[in-house]
Amino acid sequence: MSERKKPYPFDVFEPKWQQIWDERKTFKVNNPGEEGFDASKPKYYVLDMFPYPSGAGLHVGHPEGYTATDIVARFKRMNGFNVLHPMGWDSFGLPAEQYAIKTGQHPSVTTFRNIDNFRRQLKMLGFSYDWDREIATTDHEYVRWTQWIFLQLYNSYYNKELKKARPVSELEEQGLSREEIDQRRLAYVAEAAVNWSPDLGTVLANEEVEEWKSKGHRVERRPLRQWMLRITDYAERLIDELEPLDWPESIKLLQRNWIGKSEGAEVDFTLDGETITVYTTRPDTLFGATYMVLSPEHPLVDTVTTPEQKNAVEQY
C-alpha cells in the first residue's frame, strides 16, 4: 500500500502568507504619477458588490462570488495588468437602525463593529484586495459625494438633441419659468404610491415588504411626496449604449427589461366630467374594451364608488 499523503497544511501556510501580503501591501495599487506606478501596464478594474455588514457575519454567498472575482484579479495581475481590486461596505441599512432603536446603541457603534468582523473574515480567506482603498457608505467623506451627485442631478436637465445632461442655467437663459424648469430637472419631487411602514417610519422596497411584515410590522400603500429621478428622459441612451458592451446577451436583456422602455399611446377617457388617462401599447384593441380598472390609490376611486360597494372598496 502506498503511504497516505499528508493534507495541505492551510492552517500554517495561509496565515503566514496573508500576514506577509498585509505587511508588504502586496495588492496595493498606486495612482498614476505616484511612485511605484508603472504607466506601461494596462489598467484593469475588478469591483465586487459591497456587502451589508450585518451582525451575523459573512454567509456562504459572499465568498462564492468574491472567489470568482479574485480569480479574475489574480489572473490579470499575472498577465501584466495594473489591477485595482477594492473592498467596501454598503453600511446604510434599515436593520442597523432598528437594532439601534431596540438596544439603545448608536448605529455607528454596531455598524463599525460589524465591519471589523467582516474585514477579519474576508482577510482569513486571503482575497487580493487593496485594503488602502476600503470605504464604507456611512463614512462622512462618502456621504459628501452622494450629496454632490444629487445636486448635479437636481441642477441638470436632459438635452434630447445632444443626448446628455446640461445645466438648468441654460433653461433660465431661455426665459423658462421656475415651474417649467422644475418639470425638466433630472431630480424632482412628485407624489407616488409607496409601501409605507408606520412602525418603521420609512418606505420599503417591494422585495422588503414580506420580510418586515413577517417580523410583525405593519406595511400599507399610501401616496407620498418624494424625490424621483427622470430616468425616462435618458432611457433611449441607456438602451443604445448597451449594444457595444462586451456582456453576455442574457445580462443585456436583464438591463433592457430593467430600463423598461415600451412604445404606445396615452388615451383620455372622460367620466362624469373627469379625465382618466390610460397608457397602452395596443391602442388598436381599445374598441373591444368592456371595462377599466383604477388602482386603489387613484383619486377618482372615492368619486366613482357606489354606496353599495363602498365598504368592500375601503376594505380592499
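The rules behind each value
- Residues numbered from 1 in each chain as written.
- Predicted model: local features only at pLDDT ≥ 70, side-chain atom pairs only at ≥ 80, totals over all residues.
- Heavy atoms only, no water.
- Helix = DSSP H or I, 4+ residues; strand = E, 2+ residues; numbered from the N terminus.
- Rg over C-alpha atoms; globule rule 2.2 N^0.38 Å.
- Buried < 20%, exposed > 50% of the residue type's maximum accessible area, 1.4 Å probe, protein only.
- Contact = heavy atoms within 4.5 Å.
- Polar contact = N/O pair within 3.5 Å; in protein donor to acceptor, adjacent residues only side chain to side chain.
- Lys, Arg positive; Asp, Glu negative; His and termini not counted.
- Salt bridge = Lys/Arg side-chain N within 4 Å of Asp/Glu carboxyl O.

Chemist: Just give me the short version of the overall build of the chain, but keep the residues and values in it.
Modeler: Along the chain, the regular secondary structure elements total 12 helices and 11 strands. Its C-alpha atoms give the chain a radius of gyration of 27 Å, more than 25% over the compact-globule value 20 Å for 316 residues. Projecting the C-alpha coordinates of the chain onto the three principal axes gives extents of approximately 90 × 50 × 50 Å. Looking at the 316 residues of the chain, the share that counts as buried comes to 23%. Long-range contacts, defined as pairs at least 24 residues apart, comprise 60% of the intrachain contacts of the chain with a sequence gap of at least 6.

Chemist: Break down the side chain of Arg119 for me, with residues and values.
Modeler: In this structure, Arg119 sits in helix H4 (residues 107-124). At 3.0 Å, the side chain of Arg119 and the side chain of Asp116 are in polar contact.

Chemist: Requested: an account of the side chain of Arg230, with residues and values cited.
Modeler: The residue Arg230 is located in the loop between strand E9 (220-229) and helix H9 (235-240) in this model. Asp233 is the oppositely charged side chain nearest to the buried, salt-bridge-free Arg230, at an N-O distance of 4.3 Å. Separated by 3.1 Å, the side chain of Arg230 and the backbone oxygen of Gln183 make a polar contact. What Arg230 contacts, discounting residues up to four positions off in sequence, is Asp182, Gln183, Arg184, Arg185, Leu186 and Tyr188.

Chemist: Can you explain the pattern of salt bridges? Please cite residues and give values.
Modeler: Summed over all chains, the structure comprises 21 salt bridges. The partner of Glu141 in a salt bridge is Arg144, and the shortest N-O contact between them spans 3.3 Å. Remark: Arg144 and Glu141 occur in helix H5 (residues 140-154); sequence separation between them is three residues, near one turn of the helix. Linking Lys310 and Glu314 is a salt bridge whose minimum nitrogen-to-oxygen distance equals 3.1 Å. Here Glu314 and Lys310 lie together in helix H12 (residues 310-315), a separation of four residues that amounts to about one turn. Residue Lys310 is classed as partly exposed on the basis of its relative accessible area, which comes to 41%.

Chemist: Lay out unusual backbone geometry with the relevant residues and their values.
Modeler: Leaving glycine aside, a negative phi is the common case for residues, and trans is the common case for peptide bonds. Phi angles above zero are rare outside glycine, and Lys163 is one such case at about 60°. With respect to the helices, strands and loops of the structure, Lys163 is situated in the loop between strand E5 (156-159) and strand E6 (164-167). Although it is not a glycine, Asp272 sits at a positive phi angle of roughly 50°. Structurally, Asp272 is set in the loop between strand E10 (265-271) and strand E11 (274-280).

Chemist: Please provide a residue-by-residue account of the environment of Leu94, values included.
Modeler: Among the structural elements, Leu94 can be located in helix H3 (residues 94-103). Look at Leu94 and you get buried, because its relative accessible area is 13%. The contact partners of Leu94, leaving out residues within four places of it in the chain, are Leu200, Thr202, Leu204 and Trp212.

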